[in-house]
Amino acid sequence: SQQGEEDPQALSIQEGENATMNCSYKTSINNLQWYRQNSGRGLVHLILIRSNEREKHSGRLRVTLDTSKKSSSLLITASRAADTASYFCATDLGITPLVFGKGTRLSVIA
Amino acid sequence: GAVVSQHPSWVICKSGTSVKIECRSLDFQATTMFWYRQFPKQSLMLMATSNEGSKATYEQGVEKDKFLINHASLTLSTLTVTSAHPEDSSFYICSARNAGGHNQPQHFGDGTRLSIL
């Protein structure tokens, strides 16, 4: 079964609002990564957060990691129509391939 | 940044045809590459791990004789869908991880949409 589970499965917001996506996982990890996928395209790496880190920022993106709760969140601030995509979390257990969640489909309405 | 090139981006062919998809890491060496399959509105399903210079490791339920993987160099892995049938139609995505060790992101190709008529 998949390691990561994103929540919500779909999210629709107005341009300018913030979007928050959550990811839960089951086992200990080396790191957790967030990816973005535009329709019909490959995945683009957004942020990698290591197991000993709690928060990381990159531009309008903010990722948190709570290893005690085995959860992570991705916050996109001041969303834009161009942020419309599917967002996946993936857990890195070290020696095995990344395990992807089911993804959150984000729609930002202009 | 690291770039992975996947080719072709779109293939339409007749049932029974074999189709080869290439995955290249353009500016880094990748001892390991991964092949995924993705159905519409679903997540990525790992098919196999491609190891340079050795046999690929296939996930449970993936037919190794159907999906041939070759990883002959540190920058190229190929996936050949042999005798493709309509049920093989899907979006196939490759990724590569820099050989630089742990805590490295995977870099993805843009995917290949395979349509078997």
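Our subject is the structure listed above.
Residues numbered from 1 in each chain as written. Chains lettered and ligands numbered in written order. Predicted model: local features only at pLDDT ≥ 70, side-chain atom pairs only at ≥ 80, totals over all residues. Heavy atoms only, no water.

(A) Spotlight on the overall build of chain A. Broken down by element type, chain A carries zero helices and 11 strands. Written out in order from the N terminus, the α and β elements of chain A read β-β-β-β-β-β-β-β-β-β-β. Taken over the C-alpha trace, chain A has a radius of gyration of 13 Å; the compact-globule value for 110 residues is 13 Å, and the two agree within 12%. Along the first, second and third principal axes, the C-alpha set of chain A runs to 40 × 25 × 20 Å. Within the span of chain A, comprising 110 residues, buried residues form 45% of the whole. Taking the intrachain contacts of chain A between residues at least 6 apart in sequence as the baseline, contacts between residues at least 24 apart amount to 55%. In the form shown here, chain A has an accessible surface area of approximately 5200 Å², with 47% of it arising from carbon and sulfur atoms. Averaged over its 13 positive side-chain charges, chain A has a centre that lies 3 Å from the centre of its 10 negative ones. (Helix = DSSP H or I, 4+ residues; strand = E, 2+ residues; numbered from the N terminus. Rg over C-alpha atoms; globule rule 2.2 N^0.38 Å. Buried < 20%, exposed > 50% of the residue type's maximum accessible area, 1.4 Å probe, protein only. Contact = heavy atoms within 4.5 Å. Areas by Shrake-Rupley, 256 points an atom, 1.4 Å probe, with all protein chains shown as cover. Lys, Arg positive; Asp, Glu negative; His and termini not counted. Charge placed at Lys NZ, Arg CZ, Asp CG, Glu CD.)

(B) Looking closely at the state of the cysteines. In this structure the tally under the stated criterion is two disulfides over all chains. Across the disulfide, A:Cys23 is cross-linked to A:Cys89 (sulfur-sulfur distance 2.0 Å). On the S-S bond that ties A:Cys23 to A:Cys89, the torsion sits near 65°, and the link is right-handed. You can see A:Cys23 sitting in strand β3 (residues 19-24) and its partner A:Cys89 sitting in strand β9 (residues 85-92), a full 66 residues away along the chain. The same class applies to A:Cys23 as to A:Cys89, namely buried. A disulfide bridge connects B:Cys23 with B:Cys94, and the sulfur atoms are separated by 2.0 Å. Handedness here is read from the sign of the S-S torsion; for B:Cys23 and B:Cys94, about 80°, the answer is right-handed. Taken together, the positions of B:Cys23 in strand β3 (residues 19-25) and B:Cys94 in strand β9 (residues 90-97) put the pair 71 residues apart, joining distant regions of the chain. Considered together, B:Cys23 and B:Cys94 belong to a single accessibility category, that of buried residues. For B:Cys13, which is in no disulfide, the shortest distance to another cysteine sulfur is to B:Cys94 and amounts to 18 Å. (Disulfide = S-S within 2.5 Å.)

(C) Inspection of the pairing of β3(B) at higher detail. Residues and elements named next belong to chain B. Side chains Val19, Ile21, Cys23 and Ser25 project from β3 onto a buried face, and the interleaved Lys20, Glu22 and Arg24 project onto a face without burial. Pairing analysis gives four bridges linking strand β1 (residues 4-7) to β3, with the strands arranged antiparallel. Paired with Ser5 across the strands is Arg24, a residue of β3. The pairing of β3 with strand β8 (residues 76-81) spans six bridges and is antiparallel. Bridging across to β8, Cys23 finds its partner in Ser77. (Pairing = 2+ DSSP bridges.)

(D) How the structure looks around the nonpolar core. Of all hydrophobic cores here, the largest spans 24 residues; its most connected members are B:Trp35, B:Phe67, B:Leu79, B:Tyr92 and B:Leu114. Of all the secondary structure elements, the ones that give two or more residues to this core are β2 (10-13), β3, β4 (32-38), β5 (44-51), β7 (67-73), β8, β9 and β11 (112-116) of chain B. When neighbours within four sequence positions are excluded, B:Tyr92 is seen to be in contact with B:Gln6, B:Ile21, B:Tyr36, B:Arg37, B:Met47, B:Phe67, B:Leu79, B:Gly111, B:Thr112 and B:Leu114. Formed by 21 residues, the second largest nonpolar core is a distinct cluster that contains A:Ile13, A:Val63, A:Ala85 and A:Leu106. (Core = buried A, V, L, I, M, F, W, Y, C linked by side-chain atoms within 4.5 Å.)

(E) Seen up close, the interface of chain A and chain B. The interface of chain A with chain B comprises 23 residues on the first partner and 21 residues on the second. Surface buried jointly by chain A and chain B totals about 1700 Å² across both partners, of which 51% is contributed by carbon and sulfur atoms. With a shortest N-O distance of 3.6 Å, A:Asp92 and B:Arg97 are connected by a salt bridge. At the boundary of chain A with chain B, the tally comes to six residue pairs in polar contact (both at pLDDT 80 or more). Contributing elements (two or more residues each) for the side of chain A that touches chain B: β4 (31-37), β5 (43-50) and β9 of chain A. The class makeup of the residues in the side of chain A that touches chain B is seven nonpolar, 11 polar and five charged. (Buried area = accessible area lost by both parts, 1.4 Å probe. Salt bridge = Lys/Arg side-chain N within 4 Å of Asp/Glu carboxyl O. Polar contact = N/O pair within 3.5 Å; in protein donor to acceptor, adjacent residues only side chain to side chain. Nonpolar A, V, L, I, M, F, W, Y, C, P; charged D, E, K, R; others polar.)

Fair warning: the whole summary comes from geometry, so function is off the table for now.
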